[in-house]
Amino acid sequence: MINIAVMGYGTVGSGVVEVINTNGARINQRIGEELNIKYVLDMKDFPEDPVQDKIIHDFETIVSDEEVQIVVEVMGGIEPAYTFVKRCLQAGKSVATSNKALVAKHGAELLSIAAEHNINFLFEASVGGGIPIIRPLNSSLTADEIEEITGILNGTTNYMLSKMFYEGADYDTVLKEAQANGYAERNPEADVEGYDACRKIAILSSLISGQQVDFEDIYCEGITEITVEDMKYAKAMGTTIKLLASSRRYAGNRLHAIVAPCMLYPDHPLYNVNDVFNAIFVHGNVLGDAMFYGSGAGKLPTASAVVADVVDEAKHLNRNIMTMWKEEKLQLEDKADSKRRFFVRIKGDKEKLIPQLKESYGEIEVVNVPELEDEFGFVTPVMMEGDYETRSKLYKEQIVHMIRIQD
Ligand code: HSE
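If you look the chain up in an unreviewed UniProt entry, it shows as Homoserine dehydrogenase from Dorea longicatena. Regarding the chain, the UniProt comment filed under Catalytic activity (unreviewed entry) reads as follows: "L-homoserine + NADP(+) = L-aspartate 4-semialdehyde + NADPH + H(+)". Recorded in UniProt under Sequence similarities (unreviewed entry), the annotation for the chain is "Belongs to the homoserine dehydrogenase family."

Structure representation (structure tokens):
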């Protein structure tokens, strides 16, 4: 019998218990032994729930019990999760977590403690919920140099942008709807400002580079400035707008990482990823393109990934599955040096402005939305973001909004 403890009986924790109760027989066959939930750690009691028999309130019970070989951490946040996870690993217990904040900040250190103790620290559910992406990067794609990883990594904002695009709804209305449907939190900042996606792309960037990528170093722009008018331009151009989290390799181990709303053309693999779905596009130097698509959040999809990590850990009880992620920090490339096209909305006298804009940016493509009379849009040629910024200083008063284009 393999005993596990679950720390946190919130949405994901109760999902983990449900997945093990629902699919226990099959899971046991796959492990070759019986998986038993010995403890569930939570501050609260759950008198109406059969889980109550396993509820404990003291972490020391878990860490000091030698029978517990695997611990699931689904409390979220940095503390006390970090201290608890570290102590479990130091006590020789493998840990599976869905906690992206913990993994983004302390992943390298926790992996190295797990390696020292010949056990495992796995975190498939921390990025893309139920979509397998961490394990593919660590096993199926190890023959490749990953040159690009670009994802729609936040379901809430993808739901909101899909509604804005397909229904012409405005930002405030779709936010209220997302909150009413339980997709957005009452304080939606982490999702709408891009912070959630930023932590996820920091984890993926660390995995593809093998070094620590700090999310604080990644340029992060959310969706709060996206308007109904932006969506009208997107439609006129045959594009859509998505919140993309992207990491691109330039030379050697140098990465450009960014989170920002971007315009996508229909030939882009992420164009049709709508509603709360997530997807991750990966380009490897020998593989070419691959796409990972599915449920990026929610109780059971996330729990499915956590329990799959538990199964993997149960199959490798005294053997570390090596993950390349050193604590040494990776210096990201300056955003100013990344190249792309830019879509710009500008106010003013069109006849006068167009020749000036051509002189500043080169061969621009003009975009018109007839009902927006006081302004027009244009698309720049491919240029460095730094050059775009320098040239745009001339039009500071006239530029309404800029959205990056993901080709
Ligand atoms: N708030 C996140 C999302 C949950 O909307 O994708 C999963 O991390």
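## What about the pairing of strand β12 (residues 288-295)?
In the sheet, strand β11 (residues 277-284) pairs with β12 via eight bridges, with the strands oriented antiparallel. When the bridges of β12 are listed, Asn278 appears paired with Gly294. Between β11 and β12, which pair antiparallel one after the other, the connecting turn spans three residues.

## Some thoughts on the environment of Leu137
Here Leu137 lies in helix α5 (residues 134-140). Overall, the relative accessible area of 10% leaves Leu137 in the buried class. Measuring from C-alpha to C-alpha, the distance between Leu137 and Leu161 comes to 28 Å, with 24 residues separating the pair along the chain. Leaving out residues up to four positions away in the same chain, Leu137 has contacts with Thr142, Ile146, Ile149, Leu204, Leu207 and Ile208.

## Focus on the site of the ligand
What surrounds the ligand is the set Lys100, Asn154, Gly155, Thr156, Asp191, Asp196, Lys200 and Ala297. Here an oxygen atom of the ligand and a side-chain polar atom of Lys200 are 2.8 Å apart. Alone, the ligand offers 250 Å² of accessible surface; in the complex the protein occludes 78% of this. Within the residue set of the shell around the ligand, elements represented by two or more residues are α6 (155-167) and α9 (195-209). Grouping the constituent residues of the shell around the ligand by class yields one nonpolar, three polar and four charged.

Cut-off values and rules
- Residues numbered from 1 in each chain as written.
- Predicted model: local features only at pLDDT ≥ 70, side-chain atom pairs only at ≥ 80, totals over all residues.
- Heavy atoms only, no water.
- UniProt positions renumbered as here; feature names shortened; annotations may be inferred.
- Pairing = 2+ DSSP bridges.
- Helix = DSSP H or I, 4+ residues; strand = E, 2+ residues; numbered from the N terminus.
- Buried < 20%, exposed > 50% of the residue type's maximum accessible area, 1.4 Å probe, protein only.
- Contact = heavy atoms within 4.5 Å.
- Near = heavy atom within 4 Å.
- Polar contact = N/O pair within 3.5 Å; in protein donor to acceptor, adjacent residues only side chain to side chain.
- Areas by Shrake-Rupley, 256 points an atom, 1.4 Å probe, with all protein chains shown as cover.
- Nonpolar A, V, L, I, M, F, W, Y, C, P; charged D, E, K, R; others polar.

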